[in-house]
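So the chains spell out like this:
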Amino acid sequence: MQLRSGQAQRFQRCLFLVSSLLLLAISVTNIRAADNITALNGVTLVDPATATSQPDSVVIIRDGRISNLGPDGQVAIPQGARVIELHGKWLIPGLIDAHVHFFQSGGLYTRPDVIDLRHIRPYEREIATVRERLADTLSRYLACGVTSVVDLAGPRWVYELRALADGSRLSPRVILSGPGLAAALPPGLDGRHAPALEVRTADEARAAVRKLARDRPDLIKIWFSPLRGMDLEREFHWVHAAIDEAHGLGLRVAAHATQHDIAGRMVKAGADILVHSIDDRLIGQELLEAMRTNGVLYIPTLAVSRRYAAVLGQRLKLSPYERAMADPDVIASLEDMAWLYPGRRRPPPAMDHRTANRNLLRVQQAGITIAAGSDAGNIGSLHGPGLHHELELMVDAGLDPAQVLLAATRGGAQVLGRSSELGQLEPGMLADLLVLDADPLVNIRNARRIALVVAGGRVVQCNTDAL
């Protein structure tokens, strides 16, 4: 990336140094006690489902899973176990970001279909940089307490993440859809790194799902953006066929649908997950009933459209936490708007977020499962700390911290298809845990005051309290 001045270059180097030091402050502790046992002693257990806490508790981790937990005095610490004293700390399940895109950096040059700056930074160069930094990107999630992520559509090369995650001790669990299905891709995203396959007929949709299934995706993504003049009845013939074929292969389907009519059609067609807010009008009772009856999951992704507007309107305000934990080069690219379009600083386009916020409350009140997702990778939505920004917006929309934590843990586990072993503090669950320096039920921002991350039983030290 070409910067305009030595001052900008020094600023970028400073950000890189701060971020690098933070990541170097993360150290993985090998558990080598008797029978591979670790005891977290004196911690306060937080249950988001009931919004209650249990102080002075003990959690026993054996071979990567929770083997026992409960009040001190009722749970015996096995002889020879490695004991970590955590008095004055709070424990929640590891956070789950249920909607990200690893083929996008979060920077200004990552979506040429939205703002075409390929004459400044060729898209091939952007993609090459994204791929070079995948391991670093994964580690940023873990540093932010995110122990699992769901990539919902990207080029076929996103499957590289499986080997990276499996081979790294500083990576969250990664769930992938691989390329999605779309009626059409916009110019700029339709080349060799296209994040979806174009389909127009039922036969093409079935063939595309079978082709995608060869790579063993964890789910199928339908990336449906209606175009002007599109015949929805005709298009939904292939949508129905795609969902039917996916279900026949044992694959769940996540659907991009931001309009009430499209979302209703997706639910009727059998989609398992709606991956964005419905924001054009309030959700009707009939659709709420259908979502609840069919067990459809709802991922609101409140932040993504607001961040696009803030960046392109040159009114982006990142928190100190985001600046410390996100990729400094990505942040610097967002600030390139100032020299690319000098004098064009303007308020963001008029956007009414009240509908999305009110629909989130309606979905919550209807008893539909909500999962938290940042849509990180889109312009201004940052890998790692982006989920914490999303959680804050969910509280601003009217959910309480316990409801938001439930969406970021148990709700996310349902998106992963692993609710039987993730997202709860129960014996037998995988030991993906987050130890905090302050009570997250009091303030959702306390979820970023991380003392320890436990990922599959591996203890990770994170020095982020000052943030």
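About the criteria used
- Here the residue index of a chain counts from 1 through its sequence in written order.
- In view of the model being predicted, local features appear only for residues whose pLDDT reaches at least 70, and side-chain atom pairs are presented and counted only at 80 or more, with totals across whole chains, interfaces and linings using the full set of residues.
- Hydrogen atoms and water are omitted, and side-chain values are computed over all heavy atoms in the structure.
- A run of H or I in DSSP becomes a helix once it reaches four residues, and a run of E becomes a strand once it reaches two; helices and strands are each numbered from the N terminus.
- The rule is simple: take the accessible area with a 1.4 Å probe, protein chains only, and divide by the maximum for that residue type; under 20% is buried, over 50% is exposed, in between is partly exposed.
- Should DSSP find at least two bridges between two strands, the strands are taken to pair.
- Axis lines are fitted through C-alpha atoms, for helices just across the contact stretch, and the angle between N-to-C directions can take any value from 0 to 180 degrees.
- Clockwise travel from the first strand over the helix to the second, with the strands pointing away from the viewer, marks a crossover as right-handed.

### Re unusual backbone geometry
Reasoning step 1: For Asp63, which is not glycine, the phi torsion reads 50° and is therefore positive.
Reasoning step 2: Within the secondary structure, Asp63 is located in the loop between β3 (52–62) and β4 (65–71).
Reasoning step 3: Despite not being glycine, Arg216 shows a phi value in the positive range, around 55°.
Reasoning step 4: Relative to the assigned elements, Arg216 resides in the loop between α5 (202–213) and β12 (219–223).
Reasoning step 5: Look at Arg216 and you get exposed, because its relative accessible area is 61%.

### Observations regarding the sheet that holds strand β8 (residues 146–151)
Reasoning step 1: A sheet is described by the order of its strands in space; here three strands give the open sequence β7-β8-β9, paired in parallel fashion. A strand with exactly one partner marks an edge of an open sheet, and here the two such strands are β7 (95–100) and β9 (173–176). Within this sheet the neighbouring strands show an average axis-to-axis angle of 15°, counted without direction.
Reasoning step 2: In this sheet, β9 lies alongside β8 in parallel orientation, the contact comprising four bridges.

### A closer look at the environment of Leu430
Reasoning step 1: Relative to the helices and strands, Leu430 resides in the loop between α15 (401–416) and β16 (433–436).
Reasoning step 2: When the C-alpha atoms of Leu430 and Pro93 are compared, they prove to be 9.6 Å apart, with 337 residues separating the residues in sequence.

### Structural notes on the pairing of strand β13 (residues 252–256)
Reasoning step 1: Within β13, four of the five residues are buried, which leaves the element mostly enclosed by the surrounding structure.
Reasoning step 2: Bridge count for β12 against β13 is five bridges, and the pairing is parallel. Residue pairing for β13: Leu219 is matched across the bridge by Arg252.
Reasoning step 3: Where the polypeptide runs from β12 across helix α6 (residues 232–248) and back to β13, its parallel neighbour, the crossover connection is right-handed.
Reasoning step 4: For β13 and strand β14 (residues 273–274), the ladder comprises two bridges, and the chain directions are parallel. In the strand pairing of β14, Ala255 is matched with Leu274.
Reasoning step 5: Crossover connection from β13 via helix α7 (residues 260–269) to parallel β14: handedness right-handed.

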